[in-house]
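# A structural walkthrough
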Amino acid sequence: MQDLVSRRVNAERLVMFGWSRAILLQLAHPLVAAGVAEHSSFRGGGVAAILRLHHTIRVMLALVFGDESARRTALNGIRTIHRRVNGHLPATVGMFPAGTSYTAEDPDLVLWVHATLLESIPMVYELLVQPLTADERDAYCAEGLAVAVELGARSHQVPRTWAENAAYLESMSQSGAIAVGEQARQLAALVVSPPFGRLAAPAAWTNRLITVGLLPEEIRSQFRFVWNKRSAQRMRRVAAILRAVRQVTPNALALWPEARM
């Protein structure tokens, strides 16, 4: 268990920067954006945002590091939330006409959410902590299979390797299913500029820089984020600083407590 790549990667506090990138990719799917806009506390104030972040962290830690009881409780909690999230797209976005129905229990949407995390978390780990081998990237994908299936994804569709995940993401982009609408743009502003950002300005600024910088160019353009050579240079400098700091930071500070047990 201790040798699982997913445990090593998700143990790092720094990979939280990958969550924001994954969320923006998820919101680039119009049906996911509608579900989040109409059924989550995303639009809440600073306290609601902090509570949501805390809850998300607790669930992730339970899924990766918890015992079977904690893992089951986390999965049941997610499934309970998913059962409540359903409705209809309020306006036409991309290939989806207004009125298209959605549900968070849709295996296709569960797969999309899962795939964005499979790519984003290791990507940030490699940027800010250390490189992964090709075998380690594949292992990370394979180790995520069980959770994806338990949350409703079809087993035969869930990527087992890094290449399979990349091919799936590319196929989704080419299919026309990924199109950023107004709901997604409004939610994205809250992701990169959270209501509690003033309480942790340096972290919020870094989160925005890394999140926007790591987005695929087409998705970044659809969200209407401004990005140029100067932005890219700034991100490289910040990433280099964070990598250097991580190398001298003891695990007692750099890792989640649950990962050190």
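Residues numbered from 1 in each chain as written. Predicted model: local features only at pLDDT ≥ 70, side-chain atom pairs only at ≥ 80, totals over all residues. Heavy atoms only, no water.

This next bit is on the overall build of the protein chain. Assigned secondary structure in the protein chain consists of 14 helices and 2 strands. For the protein chain, the C-alpha radius of gyration of 18 Å lies close to 18 Å, the compact-globule estimate for 261 residues. Separation between the mean location of the 28 positive side-chain charges and that of the 21 negative ones in the protein chain comes to 10 Å. (Helix = DSSP H or I, 4+ residues; strand = E, 2+ residues; numbered from the N terminus. Rg over C-alpha atoms; globule rule 2.2 N^0.38 Å. Lys, Arg positive; Asp, Glu negative; His and termini not counted. Charge placed at Lys NZ, Arg CZ, Asp CG, Glu CD.)

For any two helices packed against each other, one specifies the inter-axial angle together with the distance between the axes. Running from amino to carboxyl end, helix α6 (residues 107-128) crosses helix α7 (residues 134-143) at an angle of 140 degrees, the nearest separation of the two axes being 10 Å. With respect to α7, the element α6 is oriented oblique. In this structure, α6 meets α7 at a crossing whose hand is right-handed. In this structure, α6 contributes L117, L118, I121, P122 and E126 to the contact, and α7 contributes R137, Y140 and C141. (Axes fitted to C-alpha atoms, helices over the stretch in contact; angles between N-to-C directions. Parallel < 35°, antiparallel > 145°, perpendicular 65-115°, else oblique. Left-handed = near helix turned anticlockwise from the far one by under 90°. Contact = heavy atoms within 4.5 Å.)

Right, let's get into the side chain of N10. If you trace the backbone, N10 turns up in helix α1 (residues 5-10). Engagement of the side chain of N10 in a polar contact is seen with the backbone oxygen of S6, the distance being 2.8 Å. Polar contacts involving the side chain of N10 include one to the side chain of Y140, which spans 3.4 Å. Setting aside residues no more than four positions away along its own chain, N10 makes contact with V15, M60, V64, F65, I121, Y140 and W256. (Polar contact = N/O pair within 3.5 Å; in protein donor to acceptor, adjacent residues only side chain to side chain.)

We now examine the packing of aromatic side chains. In the structure shown here, the tally under the stated rule is 2 aromatic pairs. Centre to centre, the rings of W112 and Y168 are 6.3 Å apart; their planes meet at 55 degrees, and the pair counts as tilted. In this pair, W112 is assigned in helix α6 and Y168 in helix α9 (residues 162-175), connecting sequence segments 56 residues apart. Judged by relative accessible area, which is 13%, Y168 ranks as buried. (Phe/Tyr/Trp six-rings, centres within 6.5 Å; stacked < 30°, edge-to-face > 60°. Buried < 20%, exposed > 50% of the residue type's maximum accessible area, 1.4 Å probe, protein only.)

Right, let's talk about the nonpolar core for a bit. L24, L27, W112, F223 and F225 are the most contacted members of the largest nonpolar core, which totals 46 residues. Among all residues touching F223, those that are not within four sequence positions of it are L24, L27, A28, V180, A184, R185, A188 and L215. Of all hydrophobic cores here, the second largest spans 31 residues; its members include C141, V238, A239 and L242. (Core = buried A, V, L, I, M, F, W, Y, C linked by side-chain atoms within 4.5 Å.)

Moving on, we come to helix α13 (residues 229-248). Here α13 spans 30 Å end to end across 20 residues, near enough to the 28 Å set by a 1.5 Å rise per residue. Turning to α13, its buried residues number three or more, namely S231, A232, M235, V238, A239, L242 and R246. Looking straight down α13, one finds that the buried residues subtend no more than 125 degrees of arc, so they occupy a single side. Every exposed residue of α13 that faces more than 90 degrees away from the buried side is listed here: K229, R230, R236, I241, Q247 and V248. Buried-residue contacts for α13 involve α2 (16-27), α6, α11 (201-214) and α14 (251-254). Its side-chain oxygen at 3.1 Å from the backbone nitrogen of R230, N228 defines the N-terminal cap of α13. (Expected span 1.5 Å × (residues − 1). Arc of directions from axis to C-beta.)

Let us look at the layout of surface pockets. When its volume is computed, the second largest pocket comes out at roughly 220 Å³. Lining the second largest pocket, in full, are R21, L25, W112, E119, A166, L169, E170, S173, I178, P216, E218 and I219. Secondary structure elements with two or more residues in the lining of the second largest pocket: α2, α6, α9 and α12 (217-223). If you tally residues by element for the lining of the second largest pocket, the top one is α9, at 4 residues. (1 Å grid on protein atoms, 1.4 Å probe; cavity = no way out; pocket = protein on both sides within 12 Å on 5 of 7 lines; lining within 4 Å. Points joined across faces, edges and corners; volume = space filled by probe spheres on them.)

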